[in-house]
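Here is how the chains run, residue by residue.
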Amino acid sequence: MDARKAKSRAAIVAAFSELLCEEDYGKITVGDIIARAHVGRATFYGLFKSKDDLLSELVSDICTHALDDDGTPLDDPFVQVEHILSNLWERRQGVRALVSGAGSRVFADSLRKTIMSLAAETVPIDPTGPAGTMDRSFLLHHIASSFVGMVQWWAWNNFQANKSNVAKDYLSAIQPLFT
């Protein structure tokens, strides 16, 4: 991506993130986003298909922070989960609004898809334990859906639980599948 497109993309993402803290997802329009970002409609649609596509990319960007600088997943699942939770915590006001507002389905679907993709990269092809007897697609969906449920629970409880404890509890629920 050239520098001009990267600058426009960053402005759109920043504007959208700000708007999510101020307004319900369902009330935010592409017009609101481009006005805040100071870009044209053609620029927006040259980078994103829709507001939902923008949200999906934002969720993916948040979760990508669970990767090393070279793009490979971190070895420790706890560190991966805690990194993602840290990024969600930093955006907790917008996440809380998404989880409880009109964008809840889009947010949950985007998060599930992103976590499934990360899990596909880290879960062994032939895992041990009960996971080894499961259909791989079902296993990845279960891991991702449990993650989405955990994030929703955390947001519904106003992020009061410590992110390290939330990560430990999530992994305590998932890891028995692999032993």
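Residues numbered from 1 in each chain as written. Predicted model: local features only at pLDDT ≥ 70, side-chain atom pairs only at ≥ 80, totals over all residues. Heavy atoms only, no water.

(A) The arrangement of the environment of Asp53 in detail. Along the chain, the position of Asp53 falls in helix α4 (residues 51-64). With 104 residues separating them in the primary sequence, Asp53 and Asn157 have C-alpha atoms 27 Å apart. Ignoring anything within four residues of it in the chain, the contact list for Asp53 reads Leu47 and Phe48. A polar contact of 2.9 Å, which involves the side chain of Asp53, links it to the backbone nitrogen of Lys49. (Helix = DSSP H or I, 4+ residues; strand = E, 2+ residues; numbered from the N terminus. Contact = heavy atoms within 4.5 Å. Polar contact = N/O pair within 3.5 Å; in protein donor to acceptor, adjacent residues only side chain to side chain.)

(B) Focus on the packing of aromatic side chains. Following the criterion strictly, the structure yields seven aromatic pairs and no others. With a centroid separation of 5.1 Å and an interplanar angle of 85 degrees, the aromatic rings of Phe44 and Tyr45 are classed as edge-to-face. Residue classification places Tyr45 among the partly exposed residues on the basis of a relative accessible area of 42%. Consider the rings of Trp154 and Phe159, whose centres lie 4.8 Å apart with planes at 70 degrees: the pair is edge-to-face. Each member of the pair Trp154 and Phe159 is classed as buried. In textbook terms, an aromatic cluster arises when at least three aromatic residues are bridged by ring pairs, as seen for Phe44, Tyr45 and Phe48. Between Lys51 and the ring centre of Tyr25, over which it is positioned, the NZ or CZ distance is 4.2 Å. (Phe/Tyr/Trp six-rings, centres within 6.5 Å; stacked < 30°, edge-to-face > 60°. Buried < 20%, exposed > 50% of the residue type's maximum accessible area, 1.4 Å probe, protein only. Lys NZ or Arg CZ within 6 Å of the ring centre and 35° of its normal.)

(C) Here's a closer look at the layout of surface pockets. Considering only enclosed or pocket space, the largest pocket measures out at about 440 Å³ in volume. Forming the boundary of the largest pocket are 20 residues, of which Pro77, Gln80, Thr122, Val123 and Leu171 lie nearest the centre. Of all the elements in the fold, those that place two or more residues in the lining of the largest pocket are α5 (77-90), α7 (104-122), α8 (136-156) and α9 (163-174). For the lining of the largest pocket, a count of residues per class yields 16 nonpolar, three polar and one charged. (1 Å grid on protein atoms, 1.4 Å probe; cavity = no way out; pocket = protein on both sides within 12 Å on 5 of 7 lines; lining within 4 Å. Points joined across faces, edges and corners; volume = space filled by probe spheres on them. Nonpolar A, V, L, I, M, F, W, Y, C, P; charged D, E, K, R; others polar.)

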